[in-house]
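The primary structure of each chain is shown beneath.
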Amino acid sequence: MSEANSPRPSAMALQGVRVLDLSRVLAGPWCTQTLADLGADVIKVERPPGGGHPGGDDTRGWGPPYLKDRDGQDTAEAAYYLGANRNKRSIGVDIASPKGQALIRELALRADVVVENYKVGDLTRYGLDAPALRALNPRLVFCSVTGFGQTGPYRDRAGYDYAVQGLGGLMSVTGEADALPGGGPQKVGVAVADLFTGMYATVAILAALRHRDATGEGQVVDMALLDTQVAMLANLGANYLSTGQAPRRMGNAHQNIVPYQVFQASDGHLIVAVGNDGQFVKFCELLGVPELARDPRYATNAQRVRHREALVPLLAECIAARPRQHWLDAMEAAKVPGGAINDLAEVFEDPQVRHRGMVVPMAHPLSDALRVVASPMKLSGTPVAYRLPPPLLGQHTDEVLAELGHGPEAIAAWREEGVIA
């Protein structure tokens, strides 16, 4: 049995932690899904339908594709939403109404963490901002996720992953060089600024919880997509700060390592990822050109980087003469890093991906066909458990409000008034 399908553990790492999730779209929900996977009770607050809005997290409608029901017809649950909201409970609450705001304050009193991604100042209008909720619950860890943070000249701007990839420099180093066919800036194929921000937010929240447990004091976590994008430039940011020279786009090549890029074989592409000089010697041997590794222009990585324009065409000519699988087999035998370039159908059929249990079926109220991408976190003592499918809008409203002590009559009245869904 794979880890992903193992029985639910008796205890989970974040069991007993309650998260009030006021976020939507991706960065915030990615953070709260990670906390939920680790055992936190995440209550996702969504907008009730009304005023021409269908209600709920915007990503519920970001399709197709949509989840298929048991008759093979599209439901209203977009795959985008399903990918970031498992293990949560959904309640529909109108936070623009005084009664809805009062319910959020009740929930915050019992919460350990609040995660929100409203524009700066929006929650202040409702009395649900960090100072207001932490005055009620000083132990609260309050995490805000915005495009540009709570301070600075851009604080009032809306933040979107695509724009931040451009503004934060990632698109300046992604894509083929301008002079080449197809050259020009490219965004990454998934919303990496959102996803990295969600993961950094998770780490910051866990650190704040540890501090809270030691001192009794919560704190505010201020996460910005732009900050995260600048931080994740990693070695390229370090390169610029060391030299004052802005790195340029290099397509599939590496700024600091050669050969570390895509090559064309006779029947397709493959990746070569030579990470040190010993691997380069082995690579030249399997290509049948051992003399290249002895050439002083190419003997060390520093020299290969300086002379990449001369070296890479020589390697490319060798690789183009044989099929892709020939080189992949030879590289594996010689322990030279590299690999195929798979589409997603190939990814999910890959034997290693299957062995690691990276696809998990989950029961869903509307479908027997739901499968989700598993968490990559493999914990030996408190493994991730797939307890709840991505919830329907307001699926748990009655349940959560009953836990607060509200009876059926009050809940029915609030629903009639449009306060809840």
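Report follows, based on the coordinates. Keep in mind it's a predicted model, so treat the numbers as computed, not measured.

1. Let's talk about the overall build of the protein
Across its full length, the protein holds 18 helices and 13 strands. C-alpha atoms of the protein, sized along the principal axes, occupy 85 × 50 × 45 Å. Within the protein, the fraction of its 421 residues that count as buried is 44%. Partitioning the intrachain contacts of the protein with sequence separation of at least 6 by distance along the chain shows that 68% fall at a separation of at least 24. Accessible area of the protein: about 20,700 Å², with a carbon and sulfur share of 55%. The averaged location of the 46 negative side-chain charges in the protein is 4 Å from the averaged location of its 40 positive side-chain charges.

2. Some details on the side chain of Gln261
One can find Gln261 in strand 9 (residues 260-265). When near neighbours in sequence (up to four residues on either side) are disregarded, Gln261 contacts Asn252, Ala253, Leu270, Ile271, Val272 and Val312.

3. A closer look at the pattern of salt bridges
Here the structure, examined in full by the defined rule, presents 22 salt bridges. Put simply, Arg18, Asp41, Arg89, Glu399 and Glu403 are held in one network by salt bridges that share partners.

4. Points about the sheet that holds strand 11 (residues 338-340)
Here three strands make up an open sheet; going across it, the order is 9-10-11 and the pairing antiparallel. On the outer flanks of this sheet lie strand 9 and strand 11, each paired with one strand and no other. Going across the sheet, the axis of each strand differs from the next one's by a mean of 25°, ignoring polarity. As judged from the three bridges shared by strand 10 (residues 268-273) and strand 11, these two strands associate in the antiparallel manner. Across the sheet, the residue bridging to Ile271 is Gly339, located in strand 11. The sheet contacts of helix 14 (residues 324-334) involve strand 9, strand 10 and strand 11, and relative to strand 10 the element is tilted by about 20°.

5. Digging into the nonpolar core
Core analysis: the largest hydrophobic core is formed by 37 residues, its most contacted members being Val19, Leu35, Ala40, Val113, Val115, Cys143 and Ile205. Going through the elements one at a time, helix 1 (27-37), helix 2 (79-82), strand 6 (113-116), strand 7 (141-146), helix 7 (192-215), strand 8 (220-224) and helix 8 (225-231) are the ones with two or more residues in this core. Ranked by residue count, the leading element in this core is helix 7, at five residues. Residues in contact with Ile205, not counting those within four places in the same chain, are Cys31, Leu35, Val113, Val115 and Cys143. Counting residues in each nonpolar core, the second largest holds 28 residues, with Val400, Leu401, Leu404 and Ile420 among its members.

6. Considerations on unusual backbone geometry
Along the chain, Gly63 connects to Pro64 via a cis peptide bond; the corresponding omega equals 5°. Within the secondary structure layout, Pro64 lies in the loop between strand 2 (41-46) and strand 3 (66-68). Following Val258, the chain continues into Pro259 via a peptide bond in cis, with omega recorded as -5°. Inspection of the secondary structure puts Pro259 in the loop between helix 9 (234-243) and strand 9.

7. Thoughts on the layout of surface pockets
Taken as a whole, the second largest pocket holds about 460 Å³ of empty space. Val173, Leu236, Gly251, Ala253 and His254 are, among the 16 residues lining the second largest pocket, the residues nearest its centre. When the residues that make up the lining of the second largest pocket are grouped by side-chain class, the tally is nine nonpolar, seven polar and no charged.

8. Observations concerning the sheet that holds strand 2
Spatially, 5-2-1-6-7-8 is the arrangement adopted by the six strands of the open sheet, whose pairing is parallel. Since the sheet does not close on itself, it has two edges, and those belong to strand 5 (88-92) and strand 8, each with one partner. The mean angle between the axes of side-by-side strands here comes to 20°, regardless of whether they run parallel or antiparallel. Helix-sheet contacts for helix 1 involve strand 1 (18-22), strand 2, strand 5, strand 6 and strand 7, and the interaxial angle to strand 5 is about 130°.

Cut-off values and rules
- Residues numbered from 1 in each chain as written.
- Predicted model: local features only at pLDDT ≥ 70, side-chain atom pairs only at ≥ 80, totals over all residues.
- Heavy atoms only, no water.
- Helix = DSSP H or I, 4+ residues; strand = E, 2+ residues; numbered from the N terminus.
- Buried < 20%, exposed > 50% of the residue type's maximum accessible area, 1.4 Å probe, protein only.
- Contact = heavy atoms within 4.5 Å.
- Areas by Shrake-Rupley, 256 points an atom, 1.4 Å probe, with all protein chains shown as cover.
- Lys, Arg positive; Asp, Glu negative; His and termini not counted.
- Charge placed at Lys NZ, Arg CZ, Asp CG, Glu CD.
- Salt bridge = Lys/Arg side-chain N within 4 Å of Asp/Glu carboxyl O.
- Pairing = 2+ DSSP bridges.
- Axes fitted to C-alpha atoms, helices over the stretch in contact; angles between N-to-C directions.
- Core = buried A, V, L, I, M, F, W, Y, C linked by side-chain atoms within 4.5 Å.
- 1 Å grid on protein atoms, 1.4 Å probe; cavity = no way out; pocket = protein on both sides within 12 Å on 5 of 7 lines; lining within 4 Å.
- Points joined across faces, edges and corners; volume = space filled by probe spheres on them.
- Nonpolar A, V, L, I, M, F, W, Y, C, P; charged D, E, K, R; others polar.

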